[in-house]
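# Examining the three-dimensional arrangement
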Amino acid sequence: MVERKLTLISLWVFLTADIASKMDSLSEEEAIKIGLQDLSKLLQVPIQTLQDNLIRAKRISWNKEQYTKGGYSTRKIGNPNLRKELGEPVDNKLFFAGEATAYWTDVQTVHGAIESGWRTVSKIMSAKL
Ligand SMILES: Cc1cc2nc3c(=O)[nH]c(=O)nc-3n(C[C@H](O)[C@H](O)[C@H](O)COP(=O)(O)OP(=O)(O)OC[C@H]3O[C@@H](n4cnc5c(N)ncnc54)[C@H](O)[C@@H]3O)c2cc1C
């Protein structure tokens, strides 16, 4: 008797910006189909083979998740100062923090968000309110 080994592969794909919005506008079924088509091209495996072996697929729309309402920021090419501008206070009264404003450190990350919080607290402390 031939013993068959079951191999499970979990594959994650992250999409950002306009492509993420486009995928969010599709039904989950359509989005997964596009994902399989891309994977089929990438691996050069017929899409039917992928579909036959697919156990489960799920599309998560971070913009629609109640406690997330987004993922992390992605800057378009051509505006290198955008994150800095986004973090500028308004009239030295309204202050901003968050990974999207972390222009000098690790953007798109939890530690970038924390460091932006430290920077903003320091700005508030030195502001003449
Ligand atoms: C799938 C995924 C995987 C990730 N993996 C990693 C990882 O491995 N390591 C890492 O360092 N980072 C990771 N990140 C990124 C990390 O989660 C973010 O960089 C970090 O959470 C940003 O923190 P923040 O405080 O700037 O914003 P957020 O954590 O996004 O906080 C913003 C808050 O504002 C709320 N909000 C939004 N709009 C409104 C509104 N209109 N009114 C009221 N509240 C609102 C949201 O609900 C949210 O609670 C990941 C993100 C995603 C989506």
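Structure shown above.
Attention here is on the structure that accompanies the text. (Residues numbered from 1 in each chain as written. Predicted model: local features only at pLDDT ≥ 70, side-chain atom pairs only at ≥ 80, totals over all residues.)

Turning to the overall build of the protein chain, a few remarks are in order. Counting its regular elements, the protein chain contains five helices and zero strands. Counted from the first residue to the last, the protein chain has its helices and strands arranged as α-α-α-α-α. Compactness check: the protein chain gives a C-alpha radius of gyration of 21 Å against a globular reference of 14 Å for 129 residues, more than 25% above the reference. Taken along its principal axes, the extent of the C-alpha atoms in the protein chain is 80 × 30 × 30 Å. Among the 129 residues that make up the protein chain, the fraction classed as buried is 6%. A sequence separation of at least 24 residues applies to 32% of the contacts in the protein chain between residues at least 6 apart. (Helix = DSSP H or I, 4+ residues; strand = E, 2+ residues; numbered from the N terminus. Rg over C-alpha atoms; globule rule 2.2 N^0.38 Å. Buried ≥ 20, exposed ≤ 12 C-beta atoms within 10 Å, placed from the backbone. Contact = placed C-beta atoms within 7 Å.)

Okay, the site of the ligand next. Neighbouring the ligand are 14 residues, the closest being Lys69, Gly71, Gly98, Thr109 and Ala113. Tallied by class, residues from the shell around the ligand come to five nonpolar, seven polar and two charged. (Near = placed C-beta within 6 Å. Nonpolar A, V, L, I, M, F, W, Y, C, P; charged D, E, K, R; others polar.)

Along the polypeptide, valine 13 turns up in the segment before α1 (17-25). Valine 13 gets classed as exposed once you count the C-beta atoms within 10 Å, which come to 9. When the C-alpha atoms of valine 13 and arginine 119 are compared, they prove to be 32 Å apart, with 106 residues separating the residues in sequence.

This next bit is on the environment of glycine 87. Note on placement: glycine 87 falls in the loop between α4 (82-86) and α5 (110-126). On the basis of neighbour counts, which here come to 20 C-beta atoms within 10 Å, the residue glycine 87 falls in the buried class. Sequence-distant contacts of glycine 87, defined by excluding residues within four places in its chain, comprise Phe96, Thr101, Tyr103 and Ser116.

Attention now moves to unusual backbone geometry. Even without being glycine, alanine 17 reaches a positive phi, approximately 55 degrees. Looking at the element boundaries, alanine 17 is found in helix α1. With a phi close to 65 degrees, glutamine 108 is a non-glycine residue in the positive phi region. Position of glutamine 108 among the secondary structure elements: in the loop between α4 and α5.

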